[in-house]
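These are the residues of each chain, in order.
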Amino acid sequence: MTFDAIPLNAARAADVRDPWPDLDVSVLHQGRADPPPLPLEVFGPWADWLTSAAEGASAPPDYAVAPLLAAAASLIGTTRRVSPWPSWAEPAVLWCGSVGDPSSGKSPGADPVLGPLRHAERDMAESFPDVLAQWKADAERAKAVEDKWKGDVKEAVKKGMPAPPLPDDATVEPEPVPPRLVVADTTPEALAAVLHANPRGVMATRDELAGWLESFERYGPGSSRSMWIEAFGARSYRIDRVKNGAAPLMIPALAVSVFGTTQPEKLAAMLKGADDGLASRFLWVWPRPVEPSEPSRPTDFDLPRRAFDRLRRLQWADADHTPVTLPVQRAGVDALNIFRTDTARATRETGGLLASAMGKAPGLVLRLALVLEHLWWAAGADAEPPAEVSGRALLGAVALWEVYFRPMAARVYGDAALPLPERNAATLARRIRKEGADRVNLRTARRQWRLPGLRDAAAMSAAAEVLIEAGALLPDPARDGGTPGRQRADYLVNPKLLEV
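Predicted model, so just to flag it, every value in this text is computed and none were measured.

### Brief notes about the overall build of the protein
When you go through the protein residue by residue, the secondary structure sums to 18 helices and 13 strands. Considering the protein as a whole, with its 500 residues, one finds that 49% of them fall into the buried category.

In structure tokens, the structure reads:
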């Protein structure tokens, strides 16, 4: 594709045939680390399913792993927590994010997980219309009883007699809300209402995580952000409801797992600002896309449906929704201690968001071990749920972090830490390559492509200078129709950029 192509004169055409300078191909990723291979064997009985589900979606299996971990964590919810020793316990809450260009398979890869999850939610809500109808009948009856009582009070006052007490059947429970497993765009107050009615917790899904983070300021500076940080820890939370003078909502355990997607170009904007630890709580996946192919077998939806049903039927320790605390086997505790020591040493040698993520790694490894243990159980035939977190699960979680999630965090946070002109140059170079453009006009590209971070002329010019330095662009200024005036910002594209 060519933007505002201008015929070249003979002399300029001769220049084009001259050898271009060496192309610095890193301009496409600007130091971005390669994606690590996913250790599918850690997922045990899910490994084969993840492979076939991804194949059916023409997506890398990484894009199925991220929603699977978040969904399983949300289904376990507040019924379980893991504790290596009495002073330390972690809840079943995970935040997972999929990164990739448009059409890279993020959403299709998640569908084999999100589809059965929503199916389970519909099953849970199947009897809700009857429940709501019964509540409405009870509410009307209570209102009639209350109206009669008010008449009796007035009559008693007229006669100088004591007012009768309010009958027990003049009150009714608050209106029921449908059982929920998944929420999307929601205000803090609406989320609190959902969690008040669903004490197990829920999973929040977002098509664009950058938009989710931007929405935090919509409902009051800082308030939403602090609420979500509490939601990661499944801590108790109080939200004051100002509408209609409603009483505050008390949530014993604000537990919300998160799954969402974003594009590489939006990562920098998403991760900007002071590090309050919110972004570094995410487990990221950012694989290379795969070539579309016809699947060799149909995707089996029975496994996730059966497993999700088992997970959502886990019970609390008592009627007060007290979590069942699972201890860690001694071998797992020993492995965790070694991991904590090694991670603390490595954290001191790094910085920024990656250091923040590594600081949270021991807690995340415990959560991963808790989720892996229950995923294995839910896919099997054992009737009784796990009574402890095994050494195998802890070692599997450590391997998953060390081999996959830590290198993936370096890939994500390293890209976001680049100087702005270099990030923008990488964005522009990748779009030029995607369009197959052999020439670009900066003004036209800025208006038509509307790339994140490249909406104004100064940013576009700075990105072009980086690409010139890398040997990817060559200035080719011209004027419309050869008339006097300011020259057009036209650039020739190094053919090698389109080939790499």
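There is more to say, and it comes next.
### Focus on the nonpolar core
Grouped together as the largest cluster of nonpolar side chains are 117 residues, with contacts concentrated most on Phe-43, Trp-46, Leu-69 and Trp-228. No other element matches the 13 residues that helix 13 (residues 361-378) contributes to this core. With residues near it in sequence (within four places) discarded, Leu-69 still touches Phe-43, Leu-94, Cys-96, Leu-368, Val-371, Leu-375 and Phe-405. Of all hydrophobic cores here, the second largest spans 25 residues; its members include Ala-425, Val-440, Leu-473 and Leu-497.

### Considerations on the sheet that holds strand 10 (residues 324-327)
Across the sheet, three strands lie side by side as 2-1-10; this open sheet has mixed pairing. Here the strands that pair on one side only, and so sit at the sheet edges, are strand 2 (88-91) and strand 10. Pairs of neighbouring strands in the sheet enclose a mean axial angle of 30 degrees, with direction left out of account. Summarising the sheet, strand 1 (residues 80-85) and strand 2 pair through three bridges and their orientation is antiparallel. Following the sheet pairing, Val-82 is matched in strand 2 by Glu-90. Most of the contacts of helix 13 go to strand 2, to which it runs at about 60 degrees, and overall it touches strand 1, strand 2 and strand 10.

### Notes on the sheet that holds strand 4 (residues 182-183)
Across the sheet, which stays open at both edges, the five strands sit in the order 4-5-8-3-9 with parallel pairing between neighbours. Of all the strands in the sheet, the pair left with one neighbour each is strand 4 and strand 9 (282-285).

### Thoughts on the environment of Ala-464
Residue placement: Ala-464 occurs in helix 17 (residues 457-469). Relative accessible area serves as the criterion here: at 0%, Ala-464 is assigned to the buried category. Ignoring any residue separated from it by four or fewer positions in sequence, one finds Ala-464 in contact with Leu-428, Leu-442, Leu-473 and Tyr-491.

### Considering the layout of surface pockets
Put simply, the second largest pocket is a space of about 500 Å³. Contributing elements (two or more residues each) for the lining of the second largest pocket: strand 1, strand 2, helix 8 (223-233) and helix 13. For the lining of the second largest pocket, a count of residues per class yields eleven nonpolar, five polar and eight charged.

### Focus on the environment of Ala-383
With respect to the element layout, Ala-383 can be found in the loop between helix 13 and helix 14 (391-416). Counting along the chain gives 73 residues from Ala-383 to Arg-310, while the straight-line C-alpha distance between them is 9.6 Å. Apart from residues no more than four positions distant in its own chain, Ala-383 is found in contact with Arg-310 and Trp-377.

### Quick word on the packing of aromatic side chains
Here the structure, examined in full by the defined rule, presents ten aromatic pairs. Residues Trp-95 and Phe-282 carry aromatic rings whose centres are separated by 5.5 Å and whose planes lie at 50 degrees to one another, so their mutual orientation is tilted. Of this pair, Trp-95 sits in strand 3 (residues 95-99) while Phe-282 is found in strand 9, placing the two residues 187 residues apart along the sequence. The rings of Trp-95, Trp-212, Trp-228, Phe-232, Phe-282 and Trp-284 are connected pair by pair, giving a single aromatic cluster.

### Some words on the confidence of the model for the protein
Mean pLDDT over the protein stands at 85; residues scoring 70 or higher make up 88%. Predicted confidence is poor over residues 1-17, with pLDDT under 50, and the contacts of this stretch with residues over four places away or in other chains come to 33 contacts.

### Things to note about the packing of helix 11 (residues 330-347) against helix 12 (residues 352-359)
The angle between the axes and the distance between the axes are what describe a pair of packed helices. Close contact between helix 11 and helix 12 brings their axes to 9 Å; oriented N to C, the two are set at 165 degrees. Relative to helix 12, helix 11 is oriented roughly antiparallel. The interaxial crossing formed by helix 11 with helix 12 has left-handed handedness. Residue-level contacts link Thr-343, Ala-346 and Thr-347 of helix 11 to Ala-355, Met-358 and Gly-359 of helix 12. Classifying every residue of the contact of helix 11 with helix 12 gives three nonpolar, three polar and no charged.

### Details of the pairing of strand 13 (residues 490-493)
Consecutive residues of a regular strand have side chains that alternate between opposite faces of the sheet. Residues Asp-490 and Leu-492 point to one face of strand 13 and Tyr-491 and Val-493 to the other, with burial holding for every one of them. Direction of pairing for strand 11 (residues 439-441) relative to strand 13: antiparallel, over a ladder of three bridges. The residue bridging Asn-441 from the neighbouring strand is Asp-490, located in strand 13. The pairing of strand 12 (residues 473-475) with strand 13 spans three bridges and is antiparallel. Across the sheet, Leu-474 pairs through a bridge with Leu-492, a residue of strand 13.

So, how was this worked out
Along each chain, residues carry numbers from 1 onward, in the same order as the chain's sequence is written. Per-residue local features are limited, in this predicted model, to residues with pLDDT of at least 70; the limit for side-chain atom pairs, both in listing and counting, is 80 or more; totals at the level of whole chains, interfaces and linings are taken over all residues. Computation of side-chain values: all heavy atoms of the structure, hydrogens and water removed. Strands here mean DSSP runs of E at least two residues long; helices mean DSSP runs of H or I at least four residues long; both are numbered from the N terminus. Three exposure classes are used, based on accessible area relative to the maximum for each residue type with a 1.4 Å probe and protein chains only: buried under 20%, partly exposed in between, and exposed over 50%. Put simply, buried Ala, Val, Leu, Ile, Met, Phe, Trp, Tyr and Cys residues joined by side-chain atoms within 4.5 Å make one nonpolar core. Only heavy atoms enter the contact rule, under which two residues are in contact if any of them lie within 4.5 Å. Note: two strands are recorded as paired if DSSP finds a minimum of 2 bridges between them. Note on definitions: angles span 0 to 180 degrees between N-to-C directions of axes, and those axes are lines fitted to C-alpha atoms, for helices only across the stretch in contact. A cavity, in this analysis, means grid points on a 1 Å lattice covering only the protein atoms where a 1.4 Å probe fits yet has no way out; a pocket is instead an open set bounded by protein on both sides within 12 Å along at least five of seven lines, and a residue lines either one if it has an atom within 4 Å of a point. Grid points are joined across faces, edges and corners, and a volume is the space filled by probe spheres set on the points. Three categories are distinguished: nonpolar for Ala, Val, Leu, Ile, Met, Phe, Trp, Tyr, Cys and Pro, charged for Asp, Glu, Lys and Arg, and polar for the others, with Gly belonging to the last. Two aromatic rings, drawn from Phe, Tyr or Trp (for Trp, its six-membered ring), form a pair once their centres lie within 6.5 Å of each other, and the interplanar angle then sorts them: stacked below 30 degrees, edge-to-face above 60, tilted otherwise. Predictor confidence is given residue by residue as pLDDT, running from a minimum of 0 to a maximum of 100. Note on terminology: angles under 35 degrees are roughly parallel, angles over 145 are roughly antiparallel, angles of 65 to 115 are roughly perpendicular, and the others are oblique. Throughout, a crossing is termed right-handed when the near helix is turned clockwise from the far one, and left-handed when it is turned anticlockwise from it by less than a right angle.

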